[in-house]
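# Observations on the model geometry
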Number of protein chains: 2
Amino acid sequence: MTESNHMKQLRELLGAAADLHAASALLDWDMRTFMPPGAAESRSFQLATLEEAEHDLLTSRRLGNLLRNLERETRDLDPDSDSFRLVAKVRRQYERDARTPSSWVRRNAHAVAAANTAWEKARAASDFRIFAPHLQKLLGLKLEYLTFFEPAAHPYDILLDRFDEGLTCGALEPLFLRLKREQGAIIRKALEKERPRSEFLNGSYPAAKQLALTRRVLTRMGYDWKQGRQDRSVHPFTTSFGLSDVRITTKVVKGKPFSALFSSIHEGGHALYEQGIDKRYARTPFADGASFSVHESQSRLWENLVGRSPEFWNYWFPVVRNMFPENLGTVSREEFLAALNEPEASPIRTEADELTYNMHIILRFELEKSLIEGKMKVTELSDAWNSGMKQLLGVEVRNDVEGVLQDIHWSMGEFGYFPSYALGNVISAQLWDAALKRIPSIPEAVAVGDYAPLREWLRTHVHVFGAKYNTAEILAVATGSPELNPDPYLKLLNRKYC
Amino acid sequence: MTESNHMKQLRELLGAAADLHAASALLDWDMRTFMPPGAAESRSFQLATLEEAEHDLLTSRRLGNLLRNLERETRDLDPDSDSFRLVAKVRRQYERDARTPSSWVRRNAHAVAAANTAWEKARAASDFRIFAPHLQKLLGLKLEYLTFFEPAAHPYDILLDRFDEGLTCGALEPLFLRLKREQGAIIRKALEKERPRSEFLNGSYPAAKQLALTRRVLTRMGYDWKQGRQDRSVHPFTTSFGLSDVRITTKVVKGKPFSALFSSIHEGGHALYEQGIDKRYARTPFADGASFSVHESQSRLWENLVGRSPEFWNYWFPVVRNMFPENLGTVSREEFLAALNEPEASPIRTEADELTYNMHIILRFELEKSLIEGKMKVTELSDAWNSGMKQLLGVEVRNDVEGVLQDIHWSMGEFGYFPSYALGNVISAQLWDAALKRIPSIPEAVAVGDYAPLREWLRTHVHVFGAKYNTAEILAVATGSPELNPDPYLKLLNRKYC
């Protein structure tokens with residue numbers, strides 16, 4: 001069937017919006033990697049203008065008219081066809097975005113750019129008070145945003161839905177309660193165990209070699225360097241400017257010689273997802289992940305279930321020992337692996353191990369919810385953070401950089417995003433479980449540095465669909481059931497740590 | 001006087017257009033520095049969308065209405081005031097751009113992106129035939145562009161005007177004839193002289209040290225690294241994303257150890273211009289050079305009149321000899337300077353010395369004119385180029401990379417741009433002459449590495465005005481006369497080479 005004129009017009013409009021979005025993403029990438037400091041103010045104008053132009057397109061009366069015509073035209077199509085799904089997806093986004101006035105979008109973009117700069121300054125001074133007025137402004141904008149929508153069961157639901165379609169506090173709270181209880185019990189047991197030898201992680205690991213290692217691992221994972229690149233930034237991230245340009249960043253952390261590696265495997269997992277999306281979906285809203293949770297499941301699967309496994313290090317330990325003979329010459333693979341997997345309650349989320357990670361998320365979720373409900377003031381956040389960390393993980397937070405200032409998300413105005421990380425862990429185990437049931441030889445392949453069987457299973461069961469499907473639909477395709485199920489995740493943790 | 005509502009609306013519209021332009025420029029910078037090769041096609045879509053959005057804004061009926069209102073409101077203002085000048089400048093651009101349909105802009109942007117990629121491929125294979133069909137397409141688009149305008153005395157005048165307001169073939173041809181005759185005579189005399197010792201330029205000069213030298217020199221010139229950065233690209237260029245982010249690129253050329261330095265001084269001259277523009281003019285059409293010729297006068301002034309002078313090397317030669325003791329340990333400053341200034345007829349424009357440089361430009365001008373007049377076919381260009389080089393400079397061109405493929409400009413669809421380079425040489429000498437009349441101690445300051453007197457004179461007499469004034473007006477402010485005058489330039493060449 002040839003495409004109707006309306007469908008062609010829709011694709012053209014969505015293509016232009018995607019181009020503007022890609023340009024914003026490049027300006028943002030540049031801001032976080034290479035931009036000179038004096039350019040911060042003008043960059044914030046540029047980002048605001050691009051975001052407004054994209055928003056104007058995606059809320060235009062023209063798009064509304066096209067959608068009405070196309071809903072008539074596609075009514076009788078297979079509801080699983082790309083065309084039917086595309087119209088439905090754009091309709092959902094249109095209904096959401098058209099409620100957001102472009103003046104709010106512009107003010108928010110300005111505030112985000114300023115907050116981002118303030119966040120970096122506050123980190124340099126380790127002083128939350130520098131960032132607090134900006135966070136207050138972003139929170140005010142977010143509360144204003146909520147007023148554009150019909151009241152939900154909980155106002156936070158409206159924010160969750162942006163990152164994971166249909167997700168609610170009602171679904172999240174019991175799941176998080178169970179994790180808090182069962183995962184909390186595993187954590188307590190694991191932290192009681194005798195600590196393995198790990199002094200060899202304290203030596204000097206030259207940054208250039210750490211980065212060379214990340215490139216070798218990414219290459220073997222199947223990251224396509226002809227459609228991406230890796231740079232350094234304060235906070236590692238993955239971004240894409242179309243499906244053929246998916247970039248990652250990493251950082252070298254003093255005293256944590258394998259932080260750059262694990263952050264690269266993590267971002268590499270995100271990047272394989274984007275690089276694996278069907279190229280037919282370029283310049284459409286399908287050129288994205290199913291949800292932030294599913295996106296995070298890919299990074300967590302590669303980072304934790306692959307990257308921290310004995311099989312992974314069966315291949316890589318000889319390589320790494322060869323690269324760092326002074327540090328690892330007298331260390332066995334088993335000692336190395338035990339040290340990498342040593343459970344430790346850290347104040348930093350991105351440095352947290354897979355065991356304690358979710359507790360960091362649950363803290364942020366509870367704080368965000370209190371802020372949105374008006375039960376907590378921004379000025380109280382630093383103290384609440386520190387006492388929450390003490391309560392959940394027994395960790396003393398020494399300063400704001402180690403505490404409330406550690407993550408970039410709030411400076412981007414991203415409230416409702418963090419729960420995706422915990423769901424990502426849960427989903428990663430569900431997918432891993434399903435992949436192993438279908439291809440039991442995956443661990444053997446990983447043990448010889450061959451990631452193709454796993455990667456291709458993920459590609460055909462998750463990546464290729466892009467954002468055509470949502471979380472529940474991807475779970476149905478990949479695992480046979482649409483339900484979020486923490487059993488595989490808790491089982492993996494239990495087996496590994498108890 | 002407070003600004004009228006219309007003026008505020010004009011500034012807002014121009015600001016948004018400037019933001020879109022800055023985003024295009026960043027996408028272009030990224031394309032030429034860091035972009036992975038697989039992204040070429042999607043990048044061309046993005047550039048086309050941004051350029052179309054900017055074009056739509058700058059040719060909108062809304063802008064037309066604002067201009068009509070503002071022309072009434074500003075009628076009685078001082079004709080030299082910013083407001084009066086801004087309205088007049090935007091009117092001129094509006095009249096020009098409104099004649100260009102956005103469909104042409106989009107097709108042209110696509111063709112440019114594809115041609116740029118083809119140009120790089122053609123260079124890799126040293127085969128003009130790979131690039132020719134793309135050049136043919138760009139030429140066709142340019143001829144179509146000319147049909148949008150009232151016929152001029154010569155169709156090429158319409159292209160010249162884009163880069164230098166009011167410049168015509170009628171003015172250019174006699175100037176170029178005089179340069180061909182008088183500069184040609186100086187070249188013949190100079191090339192007859194005995195060649196100085198220069199074997200020390202053939203050794204190995206490590207790239208990292210070459211780049212470190214460029215950074216030291218740029219820093220002393222006054223390039224502001226907080227509002228810029230330097231990267232590497234195939235063809236060095238300067239670009240800006242607002243007045244607070246002016247970036248340059250350079251390249252290291254094997255066998256030409258000071259090419260990176262001179263290209264950096266050249267781009268540094270462009271960058272000082274942009275960094276010196278009054279910050280009040282940010283996000284307006286004044287945030288630009290007076291013309292491409294005046295822009296080029298800044299780069300040529302720093303590169304040739306400063307960078308190749310005995311005074312410059314009085315300060316830098318000891319530094320450079322210290323950096324490269326194996327190459328320069330037994331070389332005197334005078335020998336070094338003589339080797340750097342040795343006239344040589346090179347096939348490559350960017351490697352040409354100041355003596356032979358204009359001949360390269362005159363060749364391109366004549367070829368472009370023939371293409372536009374339809375007197376030459378694109379397929380004949382490689383041969384015509386090679387025989388032109390033989391005739392003008394006695395140079396044998398060995399292959400297309402050394403010949404017709406050497407410059408990026410045609411792959412960007414930039415016809416009518418090259419004459420700016422020759423005018424830049426002429427104007428650089430006019431400005432240098434005027435600066436020395438006013439501050440005779442400039443050479444003494446240069447001799448101790450102090451560029452502040454020269455830079456500040458240029459800042460207050462050229463840079464600060466941005467594009468508020470055109471070439472003639474800048475000449476009037478800086479030299480006392482609006483006329484292009486080749487006398488200072490020919491006098492400098494005569495004194496140096498005869």
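The model shown is predicted, which means the values in this text are computed figures rather than measured ones.

This brings us to the overall build of chain A. Summing up its helical and strand segments, chain A has 21 helices and three strands in all. Here the C-alpha atoms of chain A give a radius of gyration of 23 Å, agreeing with the 23 Å that 2.2 N^0.38 yields for 498 residues. Each of the three principal axes of chain A carries a C-alpha extent, and together these read 70 × 50 × 45 Å. Each of the 498 residues in chain A was classed as buried or not, and the buried ones make up 47%. Here the contacts in chain A between residues at least 6 apart in sequence split such that 72% fall between residues at least 24 apart.

Turning our attention to the relation of the copies chain A and chain B. You can overlay chain A on chain B at an RMSD of 0.0 Å; the transform is a turn of 180° with a shift of 0.0 Å along its axis. The symmetry that links the two subunits is that of a two-fold axis. Minimal C-alpha separation from the rotation axis in chain A is found for Ala23 of chain A, amounting to 3.3 Å. A share of 100% of interface residues in chain A that are also interface residues in chain B marks the association as one of identical surfaces.

Turning our eyes to something else, we now look at the domain arrangement of chain A. Residues and elements named next belong to chain A. For chain A, the assigned domains are domain 1 (5–148) and domain 2 (169–497). Relative placement of domain 1 and domain 2: their C-alpha centres are 26 Å apart. Counting from both sides, the interface comprises 36 residues of domain 1 and, opposite them, 30 residues of domain 2. Taken together, the elements giving at least two residues each to the side of domain 1 that touches domain 2 come down to helix H1 (5–33), helix H4 (82–97), helix H5 (102–125) and helix H6 (128–146). Along the lines of polarity and charge, the residues of the side of domain 1 that touches domain 2 split into 19 nonpolar, seven polar and ten charged.

Right, let's get into the packing of helix H2 (residues 40–58) of chain A against H5 of chain A. Residue and element names in this part refer to chain A. At their nearest, the axes of H2 and H5 sit 9 Å apart, and the two run at 150° to each other. Between H2 and H5, the crossing angle belongs to the class labelled roughly antiparallel. Crossing hand, H2 versus H5: right-handed. Every residue of H5 that contacts H2 at Ala40, Arg43, Ser44, Leu47, Ala48, Glu51, Glu52, His55 and Asp56 is listed here: Ser102, Val105, Arg106, Ala109, His110, Ala113, Ala114 and Thr117. For the contact of H2 with H5, the class distribution of residues is seven nonpolar, five polar and five charged.

All right, on to the sheet that holds strand S3 (residues 246–250) of chain B then. Residues and elements named next belong to chain B. In spatial order, the strands read S1-S3-S2; together these three strands make up an open sheet with mixed pairing. Looking at which strands have only one partner, the edges of the open sheet turn out to be strand S1 (230–232) and strand S2 (238–240). Across the sheet, the mean angle from the axis of one strand to that of its neighbour is 30°, orientation sign disregarded. With three bridges connecting them, S2 and S3 associate as antiparallel partners. What sits directly across from Thr239, in S3, is Arg247. Against the sheet, helix H1 (residues 5–33) engages S1, S2 and S3, with an angle of about 145° to S2. Contacts between helix H10 (residues 259–276) and the sheet are confined to S2 and S3, with S3 contributing the most and set at about 170° to the helix.

Residues and elements named next belong to chain A. Of all five residues that make up strand S3 (residues 246–250), five are buried, and the element is covered over most of its length. Residue alternation in S3 divides its side chains into two sets, Val246, Ile248 and Thr250 and Arg247 and Thr249, and both sets are buried. As consecutive antiparallel partners, strand S2 (residues 238–240) and S3 are separated by five residues, and within that stretch Gly242 has a phi angle of approximately 90°, a positive value.

Right, let's get into helix H20 (residues 471–479) of chain A. Residue and element names in this part refer to chain A. Every buried residue belonging to H20 is among Thr471, Ile474, Leu475 and Ala478, and all of these are buried. Projection of H20 onto a plane perpendicular to its axis shows the buried side chains occupying an angular sector of 100°, all on one side. Check the buried side of H20 and you find it contacts helix H11 (292–306), helix H17 (419–438) and helix H19 (452–461). Two residues or fewer after H20 comes Gly480, characterised by a positive phi angle close to 90°.

Bringing the interface of chain A and chain B into the picture now. Listed by partner, the interface residues are 33 residues for chain A and 33 residues for chain B. Here the side of chain A that touches chain B gets nine residues from one element, more than from any other, and that element is H1 of chain A. Within the side of chain A that touches chain B, the residues separate by chemical class into 17 nonpolar, nine polar and seven charged.

Turning next to the packing of helix H9 (residues 207–221) of chain B against H10 of chain B. All names here are of chain B. At a minimum axis separation of 9 Å, H9 and H10 run at an interaxial angle of 30°. Considering the angle they form, H9 stands roughly parallel to H10. At the point where H9 passes H10, the crossing takes the right-handed sense. Taking contact as the criterion, the partners of Gln210, Leu211, Leu213, Thr214, Val217, Leu218 and Met221 in H9 are, on H10, Ala260, Leu261, Ser264, Ile265, Gly268 and Leu272.

Residues and elements named next belong to chain A. One open sheet accounts for three strands, arranged S1-S3-S2; its pairing is mixed. One side of each edge strand has no neighbouring strand; the edge strands of this open sheet are strand S1 (230–232) and S2. Strand-to-strand, the axes of this sheet are offset by a mean angle of 30°, without reference to chain direction. In this fold helix H10 (residues 259–276) packs onto S2 and S3, with an angle of close to 170° to the strand it touches most, S3.

Per-residue pLDDT for chain A has a mean of 95; in total, 100% of the residues score no lower than 70. Reported confidences for the modelled complex are a pTM of 0.90 and an ipTM of 0.90.

This paragraph deals with unusual backbone geometry. Positive phi values are uncommon outside glycine, yet Ser126 of chain A reaches one of about 45°. With respect to the helices, strands and loops of the structure, Ser126 of chain A is situated in the loop between H5 and H6. Ser126 of chain A sits in the partly exposed class, given 14 other C-beta atoms within 10 Å. For Arg283 of chain B, which is not glycine, the phi torsion reads 60° and is therefore positive. Locating Arg283 of chain B in the fold gives a position in the loop between H10 and helix H11 (292–306).

Turning our eyes to something else, we now look at the pairing of S3 of chain B. Pairing geometry for S1 of chain B and S3 of chain B, over three bridges, is parallel. Directly across from Gln230 of chain B, in S3 of chain B, lies its bridge partner Ile248 of chain B.

Residues and elements named next belong to chain A. Structurally, Gly329 is set in the loop between helix H13 (325–328) and helix H14 (333–340). Overall, Gly329 belongs to the exposed group, with 10 C-beta atoms counted inside 10 Å. Residues Gly329 and Thr239, spaced 90 residues apart in sequence, show a C-alpha to C-alpha distance of 37 Å.

Residues and elements named next belong to chain A. Within the secondary structure layout, His266 lies in helix H10. As a C-alpha pair, His266 and Leu301 span 35 residues in sequence and 8.2 Å in three-dimensional space. If near-sequence neighbours (up to four positions away) are discounted, His266 is found in contact with Ser299, Trp302 and Glu303.

For the rest of this paragraph, the subject is the environment of Leu367 of chain A. Residue and element names in this part refer to chain A. You can see Leu367 is positioned in helix H15 (residues 357–373). Since 20 C-beta atoms lie within 10 Å of it, Leu367 is described here as buried. Residues Leu367 and Lys193, 174 residues apart in the sequence, show an inter-C-alpha distance of 31 Å. For Leu367, the contacting residues outside a window of four places in its chain are Met376, Leu381, Ala384, Trp385 and Gly388.

What follows covers H10 of chain A. Spanning 18 residues, H10 of chain A covers 25 Å between terminal C-alpha atoms, matching the ideal 26 Å at 1.5 Å per step. Burial runs high along H10 of chain A: 17 of the 18 residues are buried.

Thresholds applied
Residues numbered from 1 in each chain as written. Chains lettered and ligands numbered in written order. Predicted model: local features only at pLDDT ≥ 70, side-chain atom pairs only at ≥ 80, totals over all residues. Helix = DSSP H or I, 4+ residues; strand = E, 2+ residues; numbered from the N terminus. Rg over C-alpha atoms; globule rule 2.2 N^0.38 Å. Buried ≥ 20, exposed ≤ 12 C-beta atoms within 10 Å, placed from the backbone. Contact = placed C-beta atoms within 7 Å. Least-squares fit on C-alpha atoms with pLDDT ≥ 70 in both. Domains from an automatic or database assignment. Nonpolar A, V, L, I, M, F, W, Y, C, P; charged D, E, K, R; others polar. Axes fitted to C-alpha atoms, helices over the stretch in contact; angles between N-to-C directions. Parallel < 35°, antiparallel > 145°, perpendicular 65-115°, else oblique. Left-handed = near helix turned anticlockwise from the far one by under 90°. Pairing = 2+ DSSP bridges. Arc of directions from axis to C-beta. pLDDT = per-residue confidence, 0-100. Expected span 1.5 Å × (residues − 1).

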